[in-house]
Amino acid sequence: TLRAGQRLNLDLYWVAQAKPSQNYTVFAHLLGSTYNPATAGPVWAGHDSEPLERGYPTRQWLVDQVVVDRHVLTVDAAAPAGEYELEAGMYLLQTMQRLLVTTGQGPVADRIVLGRFEVVRP
């Protein structure tokens, strides 16, 4: 459960299976089912940044190295009560093209859903 206005610390753990050829931006978003006029969409908390607040671009990553990347999201104080979904992923800033999440069967999505939260009003 989260409260409207509350901060959420999110640690993402990344491991490159091959040396990245581009610098990617990480996104972490809390999505609701209602429209947020402040974001012009369903995002009620979000943080987008290159890993480690631009401190460790993905082109510098080493294969099989674990990169711990913290994102701090603040739930909009106007967020209505209800169920929300926390998502994360990466994209190329120049094109806004998201990286695909893959399994043994191939690409399955352009994001990872990390969990669901109930937002309550204070």
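Below: a short report on this structure. (Residues numbered from 1 in each chain as written. Predicted model: local features only at pLDDT ≥ 70, side-chain atom pairs only at ≥ 80, totals over all residues. Heavy atoms only, no water.)

### Side note on the nonpolar core
Quick reminder of the rule: To qualify as a nonpolar core, a set must consist of buried Ala, Val, Leu, Ile, Met, Phe, Trp, Tyr and Cys residues joined through side-chain atoms within 4.5 Å. Residue exposure (1.4 Å probe, protein chains only): buried if accessible area is under 20% of the type maximum, exposed if over 50%, otherwise partly exposed. A run of DSSP states H or I qualifies as a helix once it reaches four residues; a run of E qualifies as a strand once it reaches two. Both are numbered from the N-terminal end.
Judged by nonpolar contacts, the single largest core of 25 residues is most densely connected at W14, L30, W61, V75, A79 and V119. Where this core is concerned, the elements lending two or more residues are strand 2 (7-15), strand 3 (25-36), strand 4 (41-49), strand 5 (66-74) and strand 6 (82-91).

### Re unusual backbone geometry
Positive phi outside glycine occurs at E53, with the angle close to 50°. By the secondary structure assignment, E53 is in helix 1 (residues 51-54). Located in the positive-phi region is R54, a residue other than glycine, with phi close to 70°. Its relative accessible area of 63% is what places R54 among the exposed residues.

### So, the pattern of salt bridges
Rule in force here: A pairing counts as a salt bridge when a side-chain nitrogen of Lys or Arg comes within 4 Å of a carboxyl oxygen of Asp or Glu.
Overall, the coordinates contain 6 salt bridges when judged by the stated rule. Two residues, R98 and D110, come together in a salt bridge whose shortest N-O distance is 3.5 Å. Of this pair, R98 sits in the loop between strand 6 and strand 7 (101-103) while D110 sits in the loop between strand 8 (106-109) and strand 9 (112-120); the two residues are 12 residues apart in sequence, bridging distant segments of the chain. Overlapping salt bridges bring together E85, E87, R98, D110, R111 and R116 as one network.

### Quick notes on the packing of aromatic side chains
We apply this condition: Pairs were defined over the aromatic rings of Phe, Tyr and Trp, the Trp ring being its six-membered one, requiring ring centres within 6.5 Å. Orientation was assigned from the angle between planes: stacked under 30 degrees, edge-to-face over 60, tilted for the rest.
Using the criterion set out here, one finds 2 aromatic pairs in the structure. Taking the centre distance of 6.1 Å and the plane angle of 35° together, the rings of F27 and Y91 count as tilted. Residue F27 is found in strand 3, and its partner Y91 is found in strand 6; the two are separated by 64 residues along the sequence. Exposure remark for F27: the relative accessible area of 0% places this residue in the buried category. Using a relative accessible area of 7% as the deciding quantity, one classes Y91 as buried. Between the aromatic rings of Y56 and W61, the centroid separation amounts to 6.4 Å while the plane-to-plane angle is 50°, which identifies the pairing as tilted. According to the relative accessible area criterion, W61 is buried, its value standing at 4%.

Shape is all these values report; function is a separate question.
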